[in-house]
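Structural overview for review
Residues per chain, in single letters:
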Amino acid sequence: MNLELTDEQRLISETAREFVDREVVDRARDNDRAEKFDRELASMLGDMGYLGAPVAEAHGGRGLDHVSYGLIVEQIGRGDSAARTVVSVQTSLVCGSIERWGTAEQKQRWLPRLCSGEALGCFGLTEPDTGSDAASLRTRAEPSDGGWVLNGQKMWISLGNFAEVALIFAQTEPGSGPKGLACFLVPTDSAGFSSQEIHGKLGLRASDTASLALDGVEVPEDAMLGGIGDGFKVAMSALDSGRYSVAAGCVGICDGCVASSVSYATERRQFGVPIARFQLVQELIADMIVKRDAARLLVWRAGMLKDEGKPSTIETSIAKLYATESAVECANAAIQVHGGSGYVDDHPVERYLRDARVTTLYEGTSQIQKLIIGRDATGISAFLPYE
Ligand SMILES: Cc1cc2nc3c(=O)[nH]c(=O)nc-3n(C[C@H](O)[C@H](O)[C@H](O)COP(=O)(O)OP(=O)(O)OC[C@H]3O[C@@H](n4cnc5c(N)ncnc54)[C@H](O)[C@@H]3O)c2cc1C
């Protein structure tokens, strides 16, 4: 077993660290305060090759391995979870799905512009009445002359107000469950497509979140990604990569909590000594370090399995569950180390807590990850109480 990164992976991580320190960290607080989606920063991420890192070079990506992709996402997550959300959605959910399921024409049309950041994409799975139970979604696709007509609503869609293309999951045959689901690549300037901003979020305030309405949106036959009945598989394969990306970003949050806490604890003095002198403060920091390292190793394991082409769904769920819960715990503990100073945004730790909180909800809640892990261990599905 070799837990060492390659020289190239170390360089990729270092380059991402420097980019984040130079370009992302200073913007994060201002964008969070202003609730501003930073389109310019999204373009810069594209210029760095961070919006399609694992996508093949032939399609405009960088053709990097998944461990390297995770290292990049960790650094961006340390700087700003809103920027990290752009990377995760664009790379894992949108580009990854098109690369895996798309036709040559679909790849050629969308991937180079998405990988470069010239265009943004969004992933429309969740609806007002269906979240964890995604297979029950209600958006309807009805056949029309040479194509499909889409009607329905999507909820909580990241990048939905800025995207040029939306992956829209829809039911072609009501009552047939996953068998009737299909995914469509829908240009967001299509007649009948509209989006609305969602405000008032606890965290991720600089991330764009939208509700989408599809009111008789007509798309041609070749807008379908995969076939009828592939929609659920498209969604699950996307989430397999998306959860990995969220987990890697949360390792970055844990790391940022450690760095900020160590810096603060060694400078801040009480009772005549730096607070780092107090064992109870060191305990807070030591617990964060253990969680960060454990989360990082779980992410690396999932990434290595992906790179070997081996099944990694369970290991990805384990990494996502542990890293996201750890990020919340580390951010909470980091605020404790900072005392009252941790409660305002002079330090990143209060934003870390607000931003980390959503990671145990989206891309499958922590409960859903536990159900996936438990089903694998016991052979019994507990998703439905009566199954
Ligand atoms: C900021 C933000 C950005 C998002 N971005 C996107 C996006 O880009 N695209 C997209 O499609 N979606 C997105 N989402 C939606 C997100 O994926 C869903 O919120 C998530 O899947 C949970 O669904 P829900 O909110 O409907 O909660 P529900 O499914 O209603 O769950 C509520 C509670 O019930 C629990 N629960 C549900 N079913 C079970 C069960 N079988 N057993 C035990 N407990 C259960 C859940 O764990 C949770 O605690 C985003 C959400 C947010 C908040």
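Our subject is the structure that appears above.
Our subject in this report is the structure included herewith. Bear in mind that the values here come from a model prediction, so they are computed numbers and not experimental data.

Attention now goes to empty space enclosed by the protein. Space left empty within the atom packing is revealed by a probe, the size of a water molecule, rolled over the atoms. Applying the stated criterion to the full structure yields two cavities of 30 Å³ or more. The calculated volume of the largest cavity comes to roughly 70 Å³. Taken together, N31, K36, F37, D38, L41, A42, L45, D80, A82, A83, V86 and A206 make up the lining of the largest cavity. Mapped by element, the contributors of at least two residues to the lining of the largest cavity are helix 2 (39-47) and helix 4 (81-101). The class makeup of the residues in the lining of the largest cavity is eight nonpolar, one polar and three charged.

It is worth spelling out unusual backbone geometry at this point. The backbone of W156 shows a phi angle near 65 degrees, a positive value even though the residue is not glycine. Along the chain, W156 turns up in strand 3 (residues 147-158). Although it is not a glycine, E363 adopts a positive phi angle of roughly 60 degrees.

Turning our attention to a nonpolar patch on the surface. On the surface, M1, L3 and L297 cluster together into a nonpolar patch covering about 400 Å² of accessible area. Residue placement: M1 occurs in the segment before helix 1 (7-34). On the basis of relative accessibility, which here comes to 97%, the residue M1 falls in the exposed class.

Criteria and thresholds
Residues numbered from 1 in each chain as written. Predicted model: local features only at pLDDT ≥ 70, side-chain atom pairs only at ≥ 80, totals over all residues. Heavy atoms only, no water. 1 Å grid on protein atoms, 1.4 Å probe; cavity = no way out; pocket = protein on both sides within 12 Å on 5 of 7 lines; lining within 4 Å. Points joined across faces, edges and corners; volume = space filled by probe spheres on them. Helix = DSSP H or I, 4+ residues; strand = E, 2+ residues; numbered from the N terminus. Nonpolar A, V, L, I, M, F, W, Y, C, P; charged D, E, K, R; others polar. Patch = residues over 30% accessible without salt bridge, like charges linked within 9 Å, V, L, I, M, F, W, Y side chains within 5 Å. Areas by Shrake-Rupley, 256 points an atom, 1.4 Å probe, with all protein chains shown as cover. Salt bridge = Lys/Arg side-chain N within 4 Å of Asp/Glu carboxyl O. Buried < 20%, exposed > 50% of the residue type's maximum accessible area, 1.4 Å probe, protein only.

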